[in-house]
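# Structural characterization, general
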There are 2 protein chains.
Amino acid sequence: MIPRQEIDFQLYDCLNAAALCSHPRYAEHDRQTFDAVIENATRIAREKFADHAARADAEEPHFDGERVHMIPEVSEALGAIVEAGIIGSSFDFGDGGSQLPYLVTQAMMAQFDAANVGTSAYFFLTMGAANLIAAFGSSEQKDLYMRPLIEGRWFGTMCLSEPQAGSSLADIRTQAIPQADGSYSIKGSKMWISGGEHDLSENIIHLVLAKIPGGPAGTKGISLFIVPKYRVDAQGIPEHHNHIALAGLNHKIGYRGTTNTLLNFGESGATTGYLVGGAHNGLRCMFHMMNEARIGVGLGAAALGYAGYRYSLEYARTRPQGRPVAARDAMQDQVMIIAHADVRRMLLKQKAFSEGALALCFYGAKLVDELACSEDAERQSAYQQELDILTPIIKAWPSHFCVESNYWGLQVLGGYGYTRDYPLERIYRDNRLNPIHEGTNGIQSLDLLGRKVTMQNGAAFRLLMNHIREDIAGASEETALAPYCAQLEQACATVTVTTMKLCGVAMQGDLDRFLANSWEYLEMLGHTIIAWQWLRMARQACRTLASGNSDTDFLQGKLHTCRYFFLHELPRIERQAALLESLDDTLLTMPESGF
Amino acid sequence: MIPRQEIDFQLYDCLNAAALCSHPRYAEHDRQTFDAVIENATRIAREKFADHAARADAEEPHFDGERVHMIPEVSEALGAIVEAGIIGSSFDFGDGGSQLPYLVTQAMMAQFDAANVGTSAYFFLTMGAANLIAAFGSSEQKDLYMRPLIEGRWFGTMCLSEPQAGSSLADIRTQAIPQADGSYSIKGSKMWISGGEHDLSENIIHLVLAKIPGGPAGTKGISLFIVPKYRVDAQGIPEHHNHIALAGLNHKIGYRGTTNTLLNFGESGATTGYLVGGAHNGLRCMFHMMNEARIGVGLGAAALGYAGYRYSLEYARTRPQGRPVAARDAMQDQVMIIAHADVRRMLLKQKAFSEGALALCFYGAKLVDELACSEDAERQSAYQQELDILTPIIKAWPSHFCVESNYWGLQVLGGYGYTRDYPLERIYRDNRLNPIHEGTNGIQSLDLLGRKVTMQNGAAFRLLMNHIREDIAGASEETALAPYCAQLEQACATVTVTTMKLCGVAMQGDLDRFLANSWEYLEMLGHTIIAWQWLRMARQACRTLASGNSDTDFLQGKLHTCRYFFLHELPRIERQAALLESLDDTLLTMPESGF
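Residues numbered from 1 in each chain as written. Chains lettered and ligands numbered in written order. Predicted model: local features only at pLDDT ≥ 70, side-chain atom pairs only at ≥ 80, totals over all residues. Heavy atoms only, no water.

## What about the overall build of chain A?
For chain A, the helix and strand inventory stands at 19 helices and 12 strands. Computed over C-alpha atoms, the radius of gyration of chain A comes to 24 Å, within 12% of the 25 Å expected from 2.2 N^0.38 for 595 residues, which places it in the range of a compact globule. Seen along its three principal axes, the alpha-carbon backbone of chain A occupies a region of about 80 × 60 × 60 Å. Burial statistics for chain A: of 595 residues in total, 63% are counted as buried. Contacts in chain A between residues far apart in sequence, at least 24 positions, make up 74% of those at least 6 positions apart. In the structure as shown, chain A presents an accessible area of about 20100 Å², 49% of it carried by carbon and sulfur atoms. (Helix = DSSP H or I, 4+ residues; strand = E, 2+ residues; numbered from the N terminus. Rg over C-alpha atoms; globule rule 2.2 N^0.38 Å. Buried < 20%, exposed > 50% of the residue type's maximum accessible area, 1.4 Å probe, protein only. Contact = heavy atoms within 4.5 Å. Areas by Shrake-Rupley, 256 points an atom, 1.4 Å probe, with all protein chains shown as cover.)

If you want it as structure tokens, here you go:
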């Protein structure tokens, strides 16, 4: 679990979450309500989710050909979520929600991620499905489907991928044939559907991408449908089985508590779907939700990184082994391993990666709130641009570097870390999903460089750099931070020069070479962004220290970890910039037969 | 499995393994016998080991309180090993072995590692135990214990760690009390003992580190003992249970086919042990074997890296998904994902890491042979020094970077890689042990910088650098390699300057600061060493290409991967050198309360 102190520092001190209450949308809330819901979520996560994380992993759901069986704790945990009204946290009062800021909701979600991602996925997906209907559904659809989702009586899924189409949604084959009553007959297979089948709720509402025959080719011909497991009558009572067949469960390295399914629609009988958001508008609907879904992935990765950090820290503080390198006297007592420089390296790396990643995800979540609240078109556009360019980084950086963080966490425990008696190995396995789902990290890097950096002639990139420079100017008021300010200024200059060079190549139409090293670009810009987040945290630490009455240890730890990130991690971007600026084509020119 | 072509290139073309036959020790062999034993091992690995790797992982051994149960394929596979005489491969003819070079044995072992590490561990450990008795046992001990091990009738283990003493062997507590008959009574617990209990062989011979009361403190008081599961009579017939109690099996993230045990000695009755190699000489005995054990770990990691590379390569060649970035027309057929730059990056990284790591491990294995054959004291000393300084790198570099390699292999498969239907996730889990066992990678970095680099006033380091420079001079005859020669020359200069600076700090007695960033040092020197191995392979590829009659695709692939390593990976050492030269003390000065 993430300690209250860390959440308070990030939400209130660094991001001034309380100020959101000055927006009319959040006027009924204040810091006390934020605190109360986060505390309550933390308690439920600890008591009802963390308790069975290991068991849910060891005894994964199984399908006997008729039903999916799973351990009873999952249902109990989700019952507590439903009872606490957590699914509706960010929904409008009018829809039965609590209309909390997305930022506050994300702080709650981080606790569930840290406690037990496998069980949490069921209600995360339900929130996502309800969110889509809230944005694009008709009022009838909202009444029939969204409300039961928000109330937690039904659960939801997202059905995008198919066995032959994962990254390339243009190639999905599921068909939606118009019926006389305005509904559609859905036929096809959907793969990797998390929460696709279970007995946890009365009904399951699948949000399905499919193609209406005769529509445009590729992604332009995709539409979105509500496809319930049980069709409902006009009063919303689940009545008839909608012939969605579970072809099988996927068995995975991690996230084992979440059923992951291959579903066949319209095979054993007619499957009815209901169009959402208009014909051929499906991808736009999905992308509307994508920013938030991707922030959710990044946050999950960061929370798992953080959870691993805390477990390994606890171990390092209490495991005696070895003696100081400068005083190796076998007659002396051993020291706790936290005293060893290399163990401190592994702890600092985890702390720098996971707290930096958390800061970035919370920053992104706050942008979602600012965007939702802002009524000034210019500011809205600025928030949207910043969110657009940050989203692929928010998804990919934490999911890549927090898996690495878990690698080091496991290493701190040595042989014990390799066993299932300690949670590190499970966290390491769970987190390995995050670089893959919601668009692989490779796809994120193409989205970042190929779409977000170049859009509107680089407007979002310039805006982001300006924003970083403003924060550097603010931080430079603290003399202790002067070297980091200078270093980040230099990093921004490097990143800008590299970006300009690459965009020049794109302008010449050489897209292959422009995008050849897109992952290096994402790492480079990502490290710069995380350094920026650390500078923001360090500045806040300086301010709070100066104000007195604060936990000096906590804040000194923040300052020292900022130093670590700037001295040990940020310098790698110079090499990446050099590679990118050289327009290296090694990846393109490797002969396929040479592999 | 590693293709014959790769093994031939590495062993014969790059390392001239056939020339070992000019040494009297290997005079009875020739390339044909080498080929035959490697082919035979490859066949057994494919047919008897690879076939049940997934099942052995899914159905791990379990202990019912009396016996350990495991799937029958394990016993069958090991039976094939015993029948083929593989355990005795590197032992002397006089001991019943085949007296093959260690290099050839390692090529065989790599195939078993690639096929199924969990089952292979049983006979690898047996070879190690026999090896220790061969080096330090009395002739009676050799007859009684070593021969049955070599014949594969009995299996062996190494018992070093204890629950409270893993990295710090100075703190082991197991006691060996002298008995009137010259034997010892062994009392204590040993942790992480692979192959510590099973019914696969008639007897298990444990090689146990313990302390004779009254001896020196710390590692100087450690002795080595033969401790059989069943005590044997004068004819070597296992007779009496020696009261080694299995306290439990450790359940791990990977390597699941190998029982990993907590053993209690002398708890339920007297456990008898027999001293090997003299009192208080145990650590020296173990370290005698350590070079080879650590090469084995590095090789296992490299082989798993390579296996993951080949699986992901096969997937990338046959999975259609997406279209070229420069021609995204949904009406066109999809391309195989090997066409995408970012997939090529993930493949090239794996190829560069795993083939580079294999080359280094084979290079180290050849040094073991040269050392064994050489009768010239000066050359012997040179081989020993080179082996000594390379060993921590051979253990740590492949085990760290080939886990990363497997991370990318899994990523190539996307969602499929995350499932247990494909071998990547298992390989990724199995390989995760290698950074931990046989001395954690952190310990290796301290051994490298704190002991090997500084020993004999840096003699081994200078010798290594001279050796690299000789190879650069040789490679510079190929004009195509000129840029890499220059880059490696520069890398050697950088590494040398950094090393001198650090050694200066050591001379001033500031050991904390000298060793503060030892892992960065290992990565820096390791990357330089792997670049050297790539230059050696590239030079050989140029020569073979010039000679005609060769597989151009294979050799061009080697040249291009060398280019990849030099342009994409080697440049990172500059940042590491800068950090090390700055004598950065961030790790040391982080306040413990700040974590």
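Picking up where we left off.
## Describing helix H4 (residues 72-83) of chain A
Residues and elements named next belong to chain A. Between the first and last C-alpha of H4 there are 17 Å, a value that for 12 residues agrees with the 16 Å anticipated at 1.5 Å per step. Where H4 is buried, its residues contact helix H2 (31-49), helix H3 (53-58), helix H5 (102-115), helix H6 (117-136) and strand E3 (155-159). Directly beyond the C-terminal end of H4, a positive phi value near 70 degrees is found at glycine 85. (Expected span 1.5 Å × (residues − 1).)

## Some thoughts on the environment of A:Ile133
Residue and element names in this part refer to chain A. The topology assignment puts isoleucine 133 in helix H6. The exposure class assigned to isoleucine 133 is buried, which follows from its relative accessible area of 0%. Linking isoleucine 133 and phenylalanine 225, residues 92 residues apart in sequence, is a C-alpha distance of 9.8 Å. Excluding residues within four positions of it along the chain, isoleucine 133 makes contact with Gln141, Lys142, Tyr145, Met146, Leu149, Ile205, Leu207 and Ile226.

## Structural notes on the relation of the copies chain B and chain A
The two chain copies are connected by a rotation around an axis plus a translation along it. Least-squares fitting of chain B to chain A yields an RMSD of 0.0 Å, with the superposition described by an axial translation of 0.0 Å and a rotation of 180 degrees. Both copies of the chain, as the preceding transformation shows, are related through a two-fold rotation axis. Among all residues of chain B, the minimum C-alpha distance to the rotation axis is found for B:Arg572, at 3.5 Å. When you check the interface residues of chain B against chain A, 100% turn up at the interface there too, and the contact is symmetric in its surfaces. (Least-squares fit on C-alpha atoms with pLDDT ≥ 70 in both.)

## Focus: the packing of aromatic side chains
Evaluated as defined, the whole model comprises 43 aromatic pairs over all chains. An angle of 45 degrees between the planes, with centres 6.4 Å apart, marks the rings of B:Tyr315 and B:Tyr416 as tilted. Of the two residues, B:Tyr315 sits in helix H8 (residues 282-318) while B:Tyr416 sits in the loop between helix H10 (377-412) and helix H11 (424-431), which places them 101 residues apart along the sequence. Assigned by exposure class, B:Tyr315 and B:Tyr416 land together as buried. Through successive ring pairs, a cluster of aromatic residues spans A:Phe49, A:Phe112, A:Phe123 and A:Phe124. The cationic tip of A:Arg345 hangs over the ring face of A:Trp408; the distance from NZ or CZ to the ring centre is 4.3 Å. The ring of B:Tyr12 carries the charged tip of B:Arg31 above its face, separated from the ring centre by 3.7 Å. (Phe/Tyr/Trp six-rings, centres within 6.5 Å; stacked < 30°, edge-to-face > 60°. Lys NZ or Arg CZ within 6 Å of the ring centre and 35° of its normal.)

## Quick notes on the side chain of A:Asp171
Inspection of the secondary structure assignment puts A:Asp171 in the loop between E3 and strand E4 (175-178). Judged by relative accessible area, which is 14%, A:Asp171 ranks as buried. Reaching out from A:Asp171, the side chain makes a polar contact with the side chain of B:Arg323 at a distance of 2.6 Å. Excluding anything up to four places from it in sequence, A:Asp171 contacts A:Gln164, A:Ala165, B:Arg323 and B:Gln334. (Polar contact = N/O pair within 3.5 Å; in protein donor to acceptor, adjacent residues only side chain to side chain.)

## Some points on helix H16 (residues 518-547) of chain A
Over its 30 residues, H16(A) extends 43 Å from the first C-alpha to the last, a length consistent with the 44 Å expected when each residue adds 1.5 Å. Summarising burial for H16(A): 26 of the 30 residues are buried, a large majority.

## A word on the side chain of B:Gln141
Mapped onto the elements, B:Gln141 comes out in helix H7 (residues 139-150). When residues no more than four places from it in sequence are discounted, the contact partners of B:Gln141 are B:Ile133, B:Met146, B:Ile226, B:Tyr274, B:Leu275 and B:Val276.

## A look at the environment of A:Arg323
Topologically, A:Arg323 is positioned in the loop between helix H8 (282-318) and helix H9 (341-373). Under the relative-accessibility criterion, A:Arg323 is labelled buried at 9%. Each C-alpha atom, one on A:Arg323 and one on A:His240, is 69 Å from the other, the two residues being 83 residues apart in sequence. Setting aside residues no more than four positions away along its own chain, A:Arg323 makes contact with A:Arg328, A:Asp329, A:Ala330, A:Gln332, A:Asp333, A:Gln334, A:Val335, A:His340, B:Ser168, B:Ala170 and B:Asp171. For A:Arg323, the side chain forms a polar contact with the main-chain oxygen of A:Asp329, separated by 3.0 Å.

## Observations concerning the pattern of salt bridges
All names here are of chain A. Under the criterion given, the structure shown has 68 salt bridges over all chains. Here lysine 558 and glutamate 6 are joined by a salt bridge, their closest N and O atoms 2.6 Å apart. Separated by 552 residues along the polypeptide, lysine 558 in helix H17 (residues 552-569) and glutamate 6 in helix H1 (residues 4-14) bring together distant segments of the chain. Of the residues examined, lysine 558 reaches a relative accessible area of 0% and is grouped as buried. Salt bridges sharing partners connect three or more residues here, namely Arg4, Asp8, Arg31, Asp35 and Glu39. (Salt bridge = Lys/Arg side-chain N within 4 Å of Asp/Glu carboxyl O.)

## Here we look at the interface of chain B and chain A
With 98 residues of chain B at the contact, the number on the chain A side is 98 residues. A combined buried area of about 8700 Å² lies between chain B and chain A, and 57% of that area is made up of carbon and sulfur atoms. For the pair chain B and chain A, the number of links is 6 salt bridges. Linking chain B with chain A are 62 residue pairs in polar contact (both at pLDDT 80 or more), by the criterion used here. Element by element, the count of residues in the side of chain B that touches chain A is highest for helix H17 (residues 552-569) of chain B, at 8 residues. Classifying every residue of the side of chain B that touches chain A by side-chain character gives 43 nonpolar, 29 polar and 26 charged. (Buried area = accessible area lost by both parts, 1.4 Å probe. Nonpolar A, V, L, I, M, F, W, Y, C, P; charged D, E, K, R; others polar.)

## Focus: unusual backbone geometry
Phi is positive for A:Leu583, which is not a glycine, with a value near 55 degrees. With respect to the helices and strands, the residue A:Leu583 is situated in the loop between helix H18 (573-581) and helix H19 (586-589). Positive phi is not limited to glycine here, since B:His280 has a value of about 60 degrees. Relative to the helices and strands, B:His280 is located in the loop between strand E12 (272-276) and H8.

## Considerations on the packing of H9(A) against H16(A)
Residues and elements named next belong to chain A. Between H9 and H16, the shortest axis-to-axis distance is 9 Å and the interhelical angle comes to 90 degrees. With respect to their mutual orientation, H9 and H16 come out roughly perpendicular. Packed against H9, whose contacting residues are Lys351, Ala352, Glu355, Gly356, Ala357, Ala359, Leu360 and Tyr363, the element H16 presents Ile529, Ile530, Trp532, Gln533, Trp534, Arg536 and Met537 at the interface. (Axes fitted to C-alpha atoms, helices over the stretch in contact; angles between N-to-C directions. Parallel < 35°, antiparallel > 145°, perpendicular 65-115°, else oblique.)

## Considering the packing of helix H12 (residues 441-452) of chain B against helix H16 (residues 518-546) of chain B
All names here are of chain B. In contact at an axis separation of 8 Å, H12 and H16 are set at 80 degrees when each is read in the N-to-C sense. With respect to each other, H12 and H16 are oriented roughly perpendicular. Counting all contacts with H12, which are made through Asn441, Gln444, Ser445, Leu446, Leu448 and Leu449, the residues of H16 involved are Ser518, Trp519, Tyr521, Leu522 and Leu525. For the contact of H12 with H16, the residue count by class is 7 nonpolar, 4 polar and no charged.

## Notes on the nonpolar core
Formed by 314 residues in total, the largest nonpolar core has its most connected members in A:Phe112, A:Phe123, A:Tyr521, B:Phe123 and B:Tyr521. Residue contacts for A:Phe123: discarding those within four places in its chain leaves A:Phe49, A:Leu78, A:Ile81, A:Ile86, A:Ile87, A:Met109 and A:Phe112. (Core = buried A, V, L, I, M, F, W, Y, C linked by side-chain atoms within 4.5 Å.)

## Comments concerning the state of the cysteines
Across all of its chains, the model carries 0 disulfides over all chains by this definition. Residue A:Cys21 stays outside any disulfide, its sulfur separated by 9.8 Å from that of A:Cys373, the closest cysteine. For A:Cys21, a relative accessible area of 15% translates into the label buried. Between B:Cys492, a cysteine without a disulfide, and B:Cys485, which holds the nearest cysteine sulfur, the sulfur-to-sulfur distance is 11 Å. (Disulfide = S-S within 2.5 Å.)

## Examining the pairing of E12(B)
All names here are of chain B. As defined by bridge partners, strand E5 (residues 184-194) adjoins E12 across 2 bridges and the pair is classed as antiparallel. For serine 185, the partnering residue across the bridge sits in E12 and is threonine 272. Bridging between strand E7 (residues 222-228) and E12 involves 3 bridges; their strand directions are antiparallel. Within E12, the position partnered with leucine 224 by the bridge is valine 276. (Pairing = 2+ DSSP bridges.)

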